[in-house]
Every structure is written in C-alpha cells, then in structure tokens.
Amino acid sequence: MNAKIIGTGFQLPVYVADNDYLATLVETSDEWIAERTGIRARHLAREETTTSMAADAARKALAASGLRAEEIGLLIVATISSDTETPSTACRVQAELGLSGALAFDINAACSGFLYAVHIADAFIKSGFCRNALIVGAETLSKLVDWTDRSTCILFGDGAGAAVLQASEKGGVLSQSLGSDGSRWEVLFCQGRPNGNPLCKTAGQPGYMRMDGQAVFKFAVRTVPVCVEDVLQKAGVSGDEVKYFVLHQANSRIIQSVAKRLGQPEDKFPMNLAQCGNTSAASLPILLAQMNEEGKLQKGDKLVLSGFGAGLTWGACLLEW
Ligand code: COA
C-alpha cells in the first residue's frame, strides 16, 4: 500500500504586498529583489491566521477528495508559525473541520515540513493505522520576520496548502528521501518568544528570523539534486520520465541551478514564487494545489517534490499521480 494524493486545496491571504511596498519599509527595490530571487510579490496576512488558512486549505482538499470528515484517520499540520504554542494547529483544524476520528498533531521541519508529513502519513497508512490522511502546510511567516532586515523580509510570504492521501495499491508515493543536519541550525533560525522566567538569565527580547543567505543558497543547490537523484534511483525511474519537478519556492536562481545540475529543462520546474514568495512548509502544497486546479496533473504522471530549509532539513519524494 502506498499513500496517494486524492485531493488538494490552498488558501492565500487577500492582501498582496509587491516589492515596491517593501521598498517603503527597507532600503531595497523591485529590481534587486526580482533579479536576486525571482520574487515580485507575496500575500501577507491581515485578518488571516495560520489556523484559519490551514483550515480553509484542508476544507478544500477534503471536498476535492470526496471523503467525509469522519473518514480522515490522521491530520498533520507542518508549520513553524503556529498561532498557539499549545494546542497544535492540527488540533484546532480538527475542531474546525469536525475530523472526529483523526489523530492530530503538528510537525516542525521548516520548509521541508510538507515532505516530512508525506513520509509520516505514508508510514501510518502502510502500518494500517489509517486509510486516509489529511496533511497541511500552513504559515504566517510575516510574524516571524524582522521587518527592518532587508536580507530576509523580502523573501517570505503567508499561506496554506493541503492534500488528502489515501491507501492505494497502485501509484502514489513511489520513493522518498529525507535528511537533517542539526549541526548547522544557526544558518537559519528564529528565537521565538522571550523567556519570562525571572530566574532565567536568558530572559529578554523576542527574536526574529536570522539567516546566512549565501550558506542556505549553497546548501540548497548542492543538496536538492542529490536527494532528487536518490528518489529516482530508489524507484528505478529516470529524470526524463518525470513530468514535473515541484521544488520548494525559495529562489528562482536555486531552482534554475537545480534544473541545470539535473540536466532537465527549466519548463519542467513550475514556479509560483513571483506571486507568493517563500511560504516555508506551505510552499509545496500550495504549488501542487494550484497545478492541480489548472489541470496540469493527469493520472499516471510522475512528479518529484523536493525541498530544503531550517534545521537544516531536506527531502524529496517521487509520486505517481
Ligand atoms: N535589497 C537591496 N540590497 C540588499 C538586499 C535587498 N533586499 N538584501 C541584501 N542586500 C545587499 C547586501 O547588504 C549586500 O550589500 P553589500 O555588498 O554592500 O554588503 C549585497 O546586497 C549582497 O548581499 P548578499 O547577501 O551577498 O546577496 P545575495 O546575492 O547572496 O542574495 C539572498 C541574498 C538572500 C537573496 C540569497 O543569498 C538567497 O536567496 N539565499 C537563499 C535564502 C533562502 O532561500 N532562504 C530560505 C531557505 S528555506
């Protein structure tokens, strides 16, 4: 049994901030951002929350799957920007959608989170724990970003994407490759809320996202091709048989470099980062749901999903649609 995607959905905040708007906040320009990253705009939450977008995306994926809420046995939300420290976003989405029969929990693997969720759901399905799983990537990165730091605030956006996975004897997840290297956690991190404990010497200001951009760039262009090759080799599938390489939407130059290293044409690497920026764990499921909505995915198509992010973490999976 493999986990197979049978429904997708996504939700983006209404408000769109273009690069010119960011140039009113920090010293930057549309030209610099577009040239270095490919990003022209991003959706930023005003009314929306991580929970509301996760629930909306999940509701759409569930409707597309044709399943009833009580048929979902597992709900995973991949996020680094949960609205509440506890309970998890997953438990709140469970309540919103009435997924009474589901085991619900969050995972934190940053921008690789959706791939980790695919792996966990596939393992739960293979073990017989459940037949149907709902996995969501949801982020409000705008609340983690330092809006005075031009090297990071230009990159990120908010949104959510979701997929329903079902046990299937044919197709679905054919192979996977995941990794993490905690020794490099300081390359990209977010300190989070201040410690209010009066006994603790580290009490102080909340921290925002901090990143060594060039180190992340080098890590991504080296690691993504290796894990993509790994999933192809594990399944005995060649790159030429793959219809689309759906990569984490961080930077168009990273995606172009990966395409070159894999010897694959760039038109097999769909992108939405010009409009959405980097939405971390939500990036892959949003793009997948948009492609599905546009009718780009046909039964039997082979797709590779791959991503990388803080941790450091990375991953890939080969799917048959
Ligand atoms: N606008 C204008 N100038 C900027 C700028 C901005 N938004 N951000 C940085 N700069 C400046 C820097 O201050 C630096 O100026 P200096 O030469 O006077 O010191 C110059 O541009 C070059 O900075 P550098 O960091 O070398 O640029 P870069 O080409 O590496 O591009 C990133 C920066 C962040 C776009 C790039 O490193 C990147 O995309 N890395 C990957 C990040 C990523 O994907 N993170 C998420 C992973 S999930």
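Caption draft 1: Local environment of empty space enclosed by the protein. Within the structure shown, the criterion is met by one cavity of 30 Å³ or more. Roughly 30 Å³ of internal volume is contained in the largest cavity. Lining the largest cavity are Ala3, Lys4, Ile5, Val118, Leu165, Val173, Leu305 and Leu319. Per-element tally for the lining of the largest cavity: the top contributor is strand β1 (residues 2-11), with three residues.

Caption draft 2: Structural detail: the environment of Phe114. Relative to the assigned elements, Phe114 resides in helix α5 (residues 113-127). For Phe114 and Gln275, which are 161 residues apart along the polypeptide, the C-alpha to C-alpha distance reads 20 Å.

Caption draft 3: Fine view of the sheet that holds strand β12 (residues 302-309). Taking strand neighbours across the sheet as the criterion, the four strands line up as β8-β13-β12-β11 in an open arrangement whose pairing is mixed. Edge positions in the sheet fall to β8 (172-180) and β11 (244-247), since each has one partner strand and no second. Within the sheet, the average angular offset between the axes of one strand and its neighbour, ignoring direction, is 15°. With four bridges connecting them, β11 and β12 associate as parallel partners. Paired with Val246 across the bridge in β12 is Leu305. Contacts from α5 reach β8, β12 and β13 (313-320) within the one sheet, and its direction differs from that of β8 by about 125°.

Caption draft 4: Seen up close, the nonpolar core. One finds Phe245, Phe269, Val304 and Phe308 to be the most contacted residues of the largest nonpolar core, which totals 45 residues. Contributing elements (two or more residues each) for this core: α6 (213-235), β11, α7 (252-262), β12 and β13. Residue contributions to this core peak at ten residues, all from α6. In this structure, Val304 is in contact with Val228, Val231, Leu232, Val242, Tyr244, Phe245, Val246, Cys317 and Leu318, ignoring residues within four places of it in sequence.

Caption draft 5: Highlighting the pattern of salt bridges. Within the structure shown, the criterion is met by 13 salt bridges. The salt bridge partner of Asp30 is Arg40, with a shortest N-O separation of 2.7 Å. Separated by ten residues along the polypeptide, Asp30 in helix α2 (residues 30-37) and Arg40 in the loop between α2 and β3 (41-43) bring together distant segments of the chain. Each of Asp56, Arg59 and Glu96 takes part in one network of salt bridges that share partners.

Caption draft 6: Looking closely at a positive patch on the surface. Side chains of Arg184, Lys218, Arg222 and Arg261 sit close together on the surface and give a patch of like positive charge. Relative accessible area serves as the criterion here: at 32%, Arg184 is assigned to the partly exposed category.

Caption draft 7: Region of interest: the layout of surface pockets. Size it by volume and the largest pocket reaches roughly 700 Å³. Secondary structure elements with two or more residues in the lining of the largest pocket: β9 (188-192) and β10 (207-211). Looking at which element gives the most residues to the lining of the largest pocket, the answer is β9, with five residues. In this structure, the second largest pocket occupies an estimated 570 Å³ of space. What lines the second largest pocket is a set of 25 residues, and nearest its centre among them are Leu155, Met211, Gly213, Gln214 and Asn251. Of all the secondary-structure elements, those providing two or more residues to the lining of the second largest pocket are α2, α6, α7 and β12. Here the element with the most residues in the lining of the second largest pocket is α6; it accounts for five residues.

Conventions and cut-offs
- Residues numbered from 1 in each chain as written.
- Predicted model: local features only at pLDDT ≥ 70, side-chain atom pairs only at ≥ 80, totals over all residues.
- Heavy atoms only, no water.
- 1 Å grid on protein atoms, 1.4 Å probe; cavity = no way out; pocket = protein on both sides within 12 Å on 5 of 7 lines; lining within 4 Å.
- Points joined across faces, edges and corners; volume = space filled by probe spheres on them.
- Helix = DSSP H or I, 4+ residues; strand = E, 2+ residues; numbered from the N terminus.
- Pairing = 2+ DSSP bridges.
- Axes fitted to C-alpha atoms, helices over the stretch in contact; angles between N-to-C directions.
- Contact = heavy atoms within 4.5 Å.
- Core = buried A, V, L, I, M, F, W, Y, C linked by side-chain atoms within 4.5 Å.
- Buried < 20%, exposed > 50% of the residue type's maximum accessible area, 1.4 Å probe, protein only.
- Salt bridge = Lys/Arg side-chain N within 4 Å of Asp/Glu carboxyl O.
- Patch = residues over 30% accessible without salt bridge, like charges linked within 9 Å, V, L, I, M, F, W, Y side chains within 5 Å.
- Areas by Shrake-Rupley, 256 points an atom, 1.4 Å probe, with all protein chains shown as cover.
- Lys, Arg positive; Asp, Glu negative; His and termini not counted.
- Charge placed at Lys NZ, Arg CZ, Asp CG, Glu CD.

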